[in-house]
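# Architecture at a glance
The lines below spell out each chain.
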Amino acid sequence: MTPRRLTALALRARRPRPTVRLRLTLLYGGLFLISGAALLAATYALVVQATQGAIGSRSQVGTSLSRQQERALALREQAAALDAHAAVLHELLARSALALALMAVLSIALGWIVAGRVLRPLRTITEAARQISAASLGERLALSGPDDELRELGDTFDGLLARLEASFGAQRQFIANASHELRTPLARQRVISQVALADPAATIETLAAAHERVLSSGAQQHQLIDALLTLARGQAGLDKREPFNLAAVTSQVLAARQSEAEHRNLTLHAALGPAPATGSPRLAERLAANLVDNALRHNVPGGRVDVTTGTRNSRAVLSVANTGPAVPAAAVDQLFQPFQRLGTDRTSRGEGLGLGLSIVQAIADAHSASITACPQPGGGLLVEVTFPDPDPDEVSPLPGTHANLPAKVTVAR
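For the rest of this paragraph, the subject is helix α7 (residues 246–263). In a regular helix each residue adds 1.5 Å, so 18 residues correspond to 26 Å; α7 covers 26 Å between its end C-alpha atoms and thus fits that length. The largest bend along α7 reaches roughly 45 degrees and is located at Arg257. Inspection of α7 places Leu246, Ala247, Ala248, Val249, Thr250, Ser251, Val253, Leu254, Arg257, Gln258 and Ala261 among the buried residues, and these make up the whole buried set. Sitting at the head of α7, Asn245 places a side-chain oxygen 3.1 Å from the backbone nitrogen of Ala247. Positive backbone phi, approximately 60 degrees, marks Asn265, located one or two places after α7.

Turning our attention to the packing of α7 against helix α8 (residues 281–297). The angle between the axes and the distance between the axes are what describe a pair of packed helices. Packing of α7 against α8 leaves a shortest axis separation of 9 Å and a crossing angle of 35 degrees. Of the two possible hands of crossing, α7 and α8 adopt the one that is right-handed. Residues Val249, Thr250, Gln252, Val253, Leu254, Arg257, Glu260 and Ala261 of α7 form the contact with α8, whose own contacting residues are Pro281, Ala284, Glu285, Ala288, Ala289, Val292, Asp293 and Leu296. Tallied by class, the residues present in the contact of α7 with α8 amount to 10 nonpolar, 2 polar and 4 charged.

With that settled, consider the packing of aromatic side chains. Under the definition given, this model contains 1 aromatic pair. Seen in terms of ring centroids, Phe244 and Phe387 are 6.2 Å apart; in terms of plane orientation they differ by 80 degrees. Their pairing is edge-to-face. Pair noted here: Phe244 is in strand β1 (residues 242–245) and Phe387 is in the loop between β7 (381–386) and β8 (410–411), with a separation of 143 residues, a long-range link. Overall, Phe244 belongs to the buried group, its relative accessible area being 7%. On the basis of relative accessible area, Phe387 is assigned to the buried category, the value being 1%.

This part is about the nonpolar core. Residues Leu287, Leu291, Val307, Leu318 and Phe387 are the most contacted members of the largest nonpolar core, which totals 42 residues. With 9 residues, the single largest contributor to this core is α8. Not counting residues up to four positions away in its chain, the partners in contact with Phe387 are Phe244, Leu246, Ala277, Arg315, Ala316, His367 and Ala369. Counting residues in each nonpolar core, the second largest holds 8 residues, with Ile125, Ile132, Phe157 and Leu161 among its members.

A few words now on the pairing of strand β5 (residues 315–322). The buried count for β5 comes to 7 of 8 residues, which makes it a mostly enclosed element. Adjacent in sequence and paired antiparallel, strand β4 (residues 304–312) and β5 are bridged by 2 residues, among which Asn313 carries a positive phi angle near 55 degrees. In terms of strand pairing, β5 meets β7 through 6 bridges, oriented antiparallel. Residue pairing for β7: Val320 is matched across the bridge by Val383.

Okay, the packing of helix α3 (residues 67–118) against helix α4 (residues 120–131) next. Direction vectors running N to C along α3 and α4 enclose 50 degrees, while the axes themselves pass 4 Å from each other. Between α3 and α4, the angle is such that the two are oblique. Residue-level inspection shows Gly116, Arg117 and Val118 of α3 in contact with α4, the latter providing Arg120, Pro121 and Arg123. Of the residues in the contact of α3 with α4, the class split is 2 nonpolar, 1 polar and 3 charged.

All right, on to the confidence of the model for the protein chain then. Low pLDDT means the predicted atomic positions in that stretch should not be read closely. With 77% of its residues at a pLDDT of at least 70, the protein chain reaches an overall mean of 77. Within the protein chain, the lowest mean pLDDT, 42, falls on β8, and the highest, 95, falls on β5. Counting contacts from residues 58–63, a segment whose pLDDT is below 50, to residues more than four positions away or on other chains yields 3 contacts.

All right, on to α3 then. With 52 residues, α3 extends 72 Å from end C-alpha to end C-alpha; this agrees with the ideal 76 Å at 1.5 Å per step. All of the buried residues along α3 are Ala81, His85, Leu89, Ser96, Leu100, Ala104, Ser107, Gly111, Ala115 and Gly116.

A positive phi angle, near 55 degrees, is found at Asn313, a position not held by glycine. As for its position among the elements, Asn313 is in the loop between β4 and β5. Looking at Asn313, the relative accessible area reads 69%, which means it is exposed. Phi angles above zero are rare outside glycine, and Ser314 is one such case at about 65 degrees.

The next subject is the pattern of salt bridges. Under the definition given, this model contains 5 salt bridges. Among the ionic pairs, Arg257 bridges to Asp293, the shortest N-O distance being 2.9 Å. With Arg257 in helix α7 and Asp293 in helix α8, this pair connects stretches of sequence that are 36 residues apart. No difference in accessibility class separates Arg257 from Asp293, as the two residues are buried. Among the ionic pairs, Arg264 bridges to Glu260, the shortest N-O distance being 3.1 Å. Residue classification places Arg264 among the partly exposed positions, given a relative accessible area of 23%.

Here is what the cut-offs are and how they apply
- Each chain has its residues counted from 1, running along the sequence as written.
- For this predicted model, a pLDDT threshold of at least 70 governs which residues receive local features, and a threshold of 80 or more governs which side-chain atom pairs are given and counted, while totals over whole chains, interfaces and linings are taken from all residues.
- In computing side-chain properties, one takes all heavy atoms of the structure into account and sets aside hydrogens as well as water.
- What counts as a helix is a DSSP run of H or I of at least four residues, what counts as a strand is a run of E of at least two, and both are numbered from the N terminus.
- Take the residue count of a helix, subtract one, and multiply by 1.5 Å to get its expected span.
- One axis is fitted to the seven residues ending at the residue and one to the seven starting there. The bend at that residue is the angle between these axes.
- Classification of residues uses two cut-offs on accessible area relative to the type maximum, computed with a 1.4 Å probe and protein chains only: under 20% is buried, over 50% is exposed, and between them is partly exposed.
- Whenever two N or O atoms come within 3.5 Å, that pair is a polar contact, provided that in protein one can donate a hydrogen and the other can accept it, and provided that, for residues adjacent in sequence, both atoms are side-chain atoms.
- Convention adopted: a line fitted to C-alpha atoms gives each axis, helices being fitted over their contacting stretch, and angles between N-to-C directions are expressed from 0 to 180 degrees.
- When the near helix sits turned anticlockwise from the far one by under a right angle, the crossing is termed left-handed; a clockwise turn instead gives a right-handed crossing.
- We call two residues in contact whenever any of their non-hydrogen atoms come within 4.5 Å of each other.
- Polar here means any residue other than Ala, Val, Leu, Ile, Met, Phe, Trp, Tyr, Cys and Pro, which are nonpolar, and Asp, Glu, Lys and Arg, which are charged; Gly is therefore polar.
- Here is the rule: rings of Phe, Tyr and Trp (six-membered ring for Trp) pair when centre to centre is within 6.5 Å. Planes less than 30 degrees apart are stacked, more than 60 are edge-to-face, and the remainder are tilted.
- We define a nonpolar core as any set of buried Ala, Val, Leu, Ile, Met, Phe, Trp, Tyr and Cys residues linked to one another through side-chain atoms lying within 4.5 Å.
- In this scheme, strands are said to pair when DSSP sees at least two bridges between them.
- Angles below 35 degrees are treated as roughly parallel, those above 145 as roughly antiparallel, those between 65 and 115 as roughly perpendicular, and all remaining angles as oblique.
- Per-residue confidence from the predictor is reported as pLDDT, which spans 0 to 100.
- Throughout this description, the term salt bridge denotes a Lys or Arg side-chain nitrogen within 4 Å of a carboxyl oxygen of Asp or Glu.

Encoded structure:
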């Protein structure tokens, strides 16, 4: 390394770090120095103007001497007065400059102290941010003092910690639940295979039955992984938005679920009006599919599922209502959490994976849509998803809304 490079590094190492406190101190000192210099300049100009008038009036005083002696005396007095005036102004300027220098040093010292006191909450926030980790998100700053911008910053930081704590807690719970749900079909596959292989009287039929059970468990595991991936995509948000017709998307979903509705002895009742929206048509279709699947699975024989689309205040709305068992109002929010099933814990083997409505919530959040869910008076649930206003420049002509509906779906006119 060259000597010039070493010298530059040494100077940079000795240079004080440009902290906010140092910059505030220099700012305070610079403002005081400029204000003090301006004040002294104005005072000096006023003193010069006032004393010059006094010198002029003094030189006009008459005497009993001859005109020539008068003129000589006046010139001497004026010269002496000017000398005295210059000496006084010089003394005034020197003392003022000394006072300004002393006050500048004092102002810098006071500015350093005041800046430190003002920035103390920022140091508290910085230290807390350095110490807080995923294991200590329960700590809070709880700044005291006046309700100013720094207090607001501290409260905002506390709010951020609260949201992070909730997010980390939900993530830990989700990972624990997901690991349990993924472990169950794997354990079932292993047990079925071990029992089939350990059977000394195994036949082709028993081995084929065991193999079918293994395939069924693998299909359940595939469904769970697919649901987890959809949930992750919904929680990640949307990178690209495109216009789509929520009615057409829902129509395709209903067409694919008609046979299942007949198998369950349920009636699908659809009233699909134009509902322009923007976002991801694929995720919106998954949202509608999960709502319809949830309404079909949690129903009663001979029940019905009512699906409607339309606009309200220029916003696309999808509504799915179903008959079924009574749903407690206090348990509605629980249904939108991953692996939560009504009236059972997550270890029960009820129908479904416990991810349907949580996927609906994630997809709605990705579209900035709102969800309203409430129990039906006679049993069942009503879920309504309201999408935000679409961009008028992005809305394309909407295709027919009833063209893809199967013939056995009852369409309300």
